[in-house]
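A look at the structure
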Amino acid sequence: MSLLDEWERDSLPVKGTDVFCKRTGKVGHQWLSACEEERALTRGLMYKVCDLSNLTASLKQVVKNGGSPGVDGMQVKELRYWFSNNHQKLIEQLKEGNYRPMTIKGQEIPKPGGGVRQLGIPTVQDRLVQQAIAQQLSKRYDPTFSQYSYGFRKGRNAHQALRQAGAYVKEGFNYVVDLDLEKFFDKVNHDRLMWLLGRRISDKRVLKLIGKFLRSGILIGGLENQRISGTPQGSPLSPLLSNIVLDELDKELERRGHRFVRYADDMILLVRSQEAAERAYSSITSFIENRLLLKVNKDKSRICRPYQLNFLGHSIMWDGKLGLSRQSEQRFKEKVKKVTRRNRGISLEQMVKELNRVLRGWLNYFRSAKMLSKLQRLSSWIHRRIRCFRLKQCKRAIGITRFLVSLGLPKWRSLLLATSHKGWFRKAGSPQAHEGMNKEWFRQIGLFNLVEYYSLNFKETA
């Protein structure tokens, strides 16, 4: 049997039909008929892609998303003017199949766990076209995706994925297979992806254009590199294509009756025993590597208990409630350290303003975690760093003395701290610093209160 025959057996299902017959494990006639029906409905898909209303909606979304310019230097704010003057030419190029994507600008960003992530930044014109394609493909593909897939889908988010995982743990599925796909966005097989798309899309102009986007060169360090695999992170099409690739895995897990949750390429399976976890890990790894032609990172994939997880930044407790993972706490502290460095040379007001943005965004994401005691410890640590920042601004002993006296401390106690030979962080933990820069002082400088806001708004839901 050829590789293409294997792909034929295990390709994407259409909603409402079974991929496999229960007895033979082969594709049923109903599924094949549904595929032909779907292909018949997409013969003129390019006309829908280049419809003016679809392109206008795409334009609005690209402008809303913002982002950096591509290799041509065109800014997002210039796109409206360009589109108003060139939309007719663009439509003609798309209809005739003559549109040529430009080179992608490569950009590396550090990953939280070490290493770098390669981003691809298309030109704003290419983003416009990719968004237009994604809007039309989403209408056809999204309804067929698994209900346990939560990433890059309208009306679905990370918090829903975490609640579903918590519900499984509460039911007694207390062993987790935590799978990590090695450089997933860089390893997607182009031939297999185009074959999957071709099973449900018959308009060759759309398929050809998607192929051009996949094969576009990427500019790194002044040199253009040809891509033979992967979907570049940063393009509007990439999230949808990644879901199309991994939906095949979702359907296989559903067929096997597994409890699982997937958010983009982050996925966990939950089972009741260590033995079941080991069997699932082995068989699913084999399916991913042999059928999907992707690579499982054995160093990062593991079998663990829910409280040891770092799934979307959270751990899961025995009762199904969410907690804050150790890795997330550490990354948060690193962000705070970066903002509150005492040698930054900015005003206290500016530093607090920047810090508040970090605190608000972080708490809003982790609002579902049960972490009141952790927040209290983190708040005390943040207060000490701010006290350290403020004392360092005083520079000399006389400055520290005057500052503490202005906060109501006796002069002799202020002098005692000011003339101390301890380091700045040790001084920030002294009784004088705590007494002068107390909770009321932090309220006066406008610091966002993590504990108070969490207790008032999120504690009952955690």
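Each value, and the rule that gives it
Starting afresh in each chain, residues are numbered from 1 along the sequence in its written order. Local features in this predicted model are restricted to residues of pLDDT 70 or higher, and side-chain atom pairs are both shown and tallied only at a pLDDT of 80 or more, whereas totals for entire chains, interfaces and linings draw on every residue. Side-chain numbers come from the whole structure's heavy atoms, not from hydrogens or water. UniProt positions are given in the numbering used here, feature names are shortened, and annotations may be inferred rather than shown by experiment. Think of it this way: any DSSP run of H or I at least four residues long counts as a helix, any run of E at least two long counts as a strand, and we number them from the N terminus. For every residue, the accessible area (1.4 Å probe, protein chains only) is compared with the maximum for its type, and the residue is labelled buried under 20%, exposed over 50%, or partly exposed between those bounds. What makes two residues a contact is simply this: any of their non-hydrogen atoms within 4.5 Å. Shrake-Rupley sampling with a 1.4 Å probe provides the accessible areas, and residues are treated as covered by the protein chains on show and by no other component. Note on charges: Lys and Arg go in the positive column, Asp and Glu in the negative column, and His and the chain ends are not counted at all. Charged side chains are reduced to one point each, which is NZ for Lys, CZ for Arg, CG for Asp and CD for Glu. Each residue after the first adds 1.5 Å to the expected span of a helix. Between N or O atoms, a polar contact is any pair within 3.5 Å; within protein, one atom must be a potential hydrogen donor and the other a potential acceptor, and residues adjacent in sequence are included only when both atoms are from side chains. A strand pair is defined by DSSP finding two or more bridges across the two strands. Interaxial angles span 0 to 180 degrees and are taken between N-to-C directions of axes, which are lines fitted to C-alpha atoms, for helices over the stretch in contact. Only Phe, Tyr and Trp rings are paired, with Trp represented by its six-membered ring, and only when their centres lie within 6.5 Å; those with planes under 30 degrees apart are stacked, over 60 edge-to-face, the remainder tilted. Think of it as a cone above the ring: NZ of Lys or CZ of Arg counts as a charge over the ring if it is within 6 Å of the ring centre and within 35 degrees of the ring normal. Salt bridges, as used here, are contacts in which a Lys or Arg side-chain nitrogen is within 4 Å of a carboxyl oxygen on Asp or Glu. Domain start and end points were adopted from an automatic or database domain assignment.

- The name an unreviewed UniProt entry assigns to the protein is RNA-directed DNA polymerase, from the organism Microscilla sp. PRE1.
- In its Catalytic activity (unreviewed entry) section, UniProt records this for the protein: "DNA(n) + a 2'-deoxyribonucleoside 5'-triphosphate = DNA(n+1) + diphosphate".
- UniProt annotates the protein under Sequence similarities (unreviewed entry) with the comment "Belongs to the bacterial reverse transcriptase family."

1. Things to note about the overall build of the protein
- The number of helices and strands found in the protein is 21 helices and 10 strands.
- Once the C-alpha set of the protein is aligned to its principal axes, its extents read approximately 90 × 60 × 40 Å.
- Expressed as a percentage of its 462 residues, the buried residues of the protein come to 48%.
- Put simply, of all contacts in the protein between residues at least 6 apart along the chain, 71% involve residues at least 24 apart.
- When the accessible surface of the protein is split by element, carbon and sulfur atoms take 49% of a total near 23500 Å².
- Positive and negative charge centroids in the protein, built from 83 and 44 side chains respectively, lie 10 Å apart.

2. Focus: helix 10 (residues 204–215)
- Here helix 10 is 12 residues long and its end C-alpha atoms lie 16 Å apart, about the 16 Å a rise of 1.5 Å per residue gives.
- For helix 10, every residue scored as buried is listed here: Val-206, Leu-207, Leu-209, Ile-210, Gly-211, Phe-213 and Leu-214.
- On the buried face of helix 10, the contacting elements are helix 3 (45–49), helix 5 (79–96), helix 6 (124–141), helix 9 (190–198) and helix 11 (238–256).
- For helix 10, the side-chain oxygen to backbone nitrogen distance between the N-cap and Arg-205 is 3.0 Å, and the N-cap itself is Asp-203.

3. Considering the sheet that holds strand 4 (residues 218–220)
- Strand order in this open sheet of four strands is 2-1-4-5, and the pairing throughout is mixed. Only two strands of the sheet have a single partner each, and these edge strands are strand 2 (116–121) and strand 5 (223–225). This sheet shows a mean twist of 40 degrees between the axes of neighbouring strands, independent of strand direction.
- Relative to strand 4, strand 1 (residues 104–110) runs parallel, the two sharing two bridges.

4. Some details on the packing of aromatic side chains
- Across all of its chains, the model carries 13 aromatic pairs by this definition.
- Centre to centre, the rings of Tyr-99 and Phe-213 are 6.4 Å apart; their planes meet at 45 degrees, and the pair counts as tilted. Placement of the pair is Tyr-99 in the loop between helix 5 and strand 1 and Phe-213 in helix 10, with a sequence separation of 114 residues. Like Tyr-99, the residue Phe-213 is buried in the burial classification.
- Between the aromatic rings of Phe-152 and Tyr-263, the centroid separation amounts to 6.4 Å while the plane-to-plane angle is 40 degrees, which identifies the pairing as tilted. Placement of Phe-152 in the loop between helix 6 and helix 7 (158–170) and of Tyr-263 in strand 6 (residues 259–263) is noted, with a sequence separation of 111 residues between them.
- Of the residues examined, Phe-152 reaches a relative accessible area of 45% and is grouped as partly exposed.
- Here the aromatic residues Tyr-148, Tyr-168, Phe-173 and Phe-260 are joined through ring pairs into a cluster of three or more.
- Over the ring of Phe-403 we find Arg-390; its NZ or CZ atom is 4.1 Å from the centre of that ring.

5. Details of the side chain of Arg-387
- Within the fold, Arg-387 resides in helix 15 (residues 372–394).
- Buried within the structure, Arg-387 lacks any salt-bridge partner; its nearest side chain of opposite charge belongs to Glu-435, at an N-O separation of 11 Å.
- Only 3.0 Å separates the side chain of Arg-387 from the backbone oxygen of Met-437, close enough to count as a polar contact.
- If near-sequence neighbours (up to four positions away) are discounted, Arg-387 is found in contact with Ala-428, Ala-433, His-434, Met-437 and Phe-442.

6. Some remarks on the environment of Ser-229
- Summarising the element assignment, Ser-229 is placed in the loop between strand 5 and helix 11.
- Here the alpha-carbon distance between Ser-229 and Ile-288, two residues 59 residues apart in the chain, equals 16 Å.
- Residue contacts for Ser-229: discarding those within four places in its chain leaves Asp-186, Lys-187, Val-188 and His-190.

7. Describing the domain arrangement of the protein
- Domain assignment breaks the protein into domain 1 (15–144 + 189–219), domain 2 (155–187 + 230–320) and domain 3 (323–459).
- Spacing between the C-alpha centres of domain 1 and domain 3 amounts to 47 Å.

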